[in-house]
Amino acid sequence: MSIKSYINTYHLNGKEYFRVRVVGRAKRNSKRVEVQRSGFSSLGEAKREAKIMHDECSEKSLRVTSASPSIEKLLVEYGDFLGRESVFHKPIQRTTAYDMVRAIEIHGSHLLKRPASEIAQSDIEEAIELMWRDDKSYSRVKAFRGALNSFFRWAMNKKKVPSSFTSPMNGLVINRPKEEKPQLILKPDQVRLLLERAHELPHAWAAVWEGAYLLGVRSGEAYALLKNDVDLDAKIIRVHKSY
């Protein structure tokens, strides 16, 4: 990285001021970064500011030179790659490749303009949170995660991102939002109400439901009962099999 500082003077309203310009250029790709400030009343002040600007220019140059192409741009190359081979060294259908690219484009639309190397795990978690809010299914979220995992593996293998880049998919855990499960077992007062209404109709299964409830048998055990399982004199019902 080559960084140079320039200090020159200019006049405004009859007074002399100093302007500082710091220019950096990367040797690897010749990308140029410039920082410029003006309005300094003395040469000493301008020189002190030049030192600060030198560090700023160095940091800015590092960001520019290490940044990868945007996700949007890389997805075009990635789609072409998937049309020929797979990241996982096994053939995949063309429709599958299309679905993987589209999943990233749709559910990661707010990330497309950003360099791939700047994507953090928190960005992925935010995208998944948006999917939960849109009532996307668990399988859809898993497919999105899988597509991103494949994409970043490809970007790293093909050196589309800096060698220091760590995939944001490493250690990513999908946490399903907690949903209130529907009540599957009736409460005693609900059962009594059901049986009362069933007898009032009358419903053909009213006696069966009441018997199953009083015996505490499962539906399969109730279906499997035979006449010889019932001893009315001894008041015994033998439950020993299921349907």
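Everything here concerns the structure above.
As the structure is a computational prediction, the values presented were derived from the model and not from experiment. (Residues numbered from 1 in each chain as written. Predicted model: local features only at pLDDT ≥ 70, side-chain atom pairs only at ≥ 80, totals over all residues. Heavy atoms only, no water.)

Secondary structure assignment for the protein chain yields eight helices and five strands. Taken across its 243 residues, the protein chain has 30% of its residues classed as buried. In the protein chain, the share of contacts with a sequence separation of at least 24, taken over all contacts with a separation of at least 6, comes to 48%. When the accessible surface of the protein chain is totalled, it reaches about 17200 Å², and 51% of it is carbon and sulfur. (Helix = DSSP H or I, 4+ residues; strand = E, 2+ residues; numbered from the N terminus. Buried < 20%, exposed > 50% of the residue type's maximum accessible area, 1.4 Å probe, protein only. Contact = heavy atoms within 4.5 Å. Areas by Shrake-Rupley, 256 points an atom, 1.4 Å probe, with all protein chains shown as cover.)

Turning to the nonpolar core, a few remarks are in order. Of all hydrophobic cores here, the largest spans 33 residues; its most connected members are Ile71, Leu75, Tyr78, Ile124, Ile128, Phe151 and Phe152. Of all the secondary structure elements, the ones that give two or more residues to this core are α2 (71–82), α3 (94–107), α4 (121–133) and α5 (138–157). Tallying contributions element by element places α5 first for this core, with eight residues. Those residues in contact with Ile124 that sit more than four places away from it in its chain are Leu111, Ile119, Leu148, Phe152, Pro168, Met169 and Leu172. Counting eleven residues, the second-largest nonpolar core is a separate cluster that includes Phe18, Ala46, Ala50 and Cys57. (Core = buried A, V, L, I, M, F, W, Y, C linked by side-chain atoms within 4.5 Å.)

Our next topic: the side chain of Glu49. Within the element layout of this structure, Glu49 appears in helix α1 (residues 43–66). Excluding residues that lie within four positions of it along the chain, Glu49 makes contacts with Arg37 and Phe40.

All told, the structure shown has eleven salt bridges when counted by the stated rule. Between Glu56 and Arg37 there is a salt bridge whose closest N-O contact spans 2.6 Å. Of this pair, Glu56 sits in helix α1 while Arg37 sits in strand β3 (residues 32–40), and the two are 19 residues apart along the sequence. Of the residues examined, Glu56 reaches a relative accessible area of 31% and is grouped as partly exposed. A salt bridge links Lys241 to Asp229; its shortest N-O distance comes to 3.0 Å. On the criterion of sequence distance, the pair formed by Lys241 in the segment after β5 (236–237) and Asp229 in the loop between α8 (219–224) and β4 (230–231) is long-range, its members being twelve residues apart. Assessed through its relative accessible area of 31%, Lys241 is described here as partly exposed. (Salt bridge = Lys/Arg side-chain N within 4 Å of Asp/Glu carboxyl O.)

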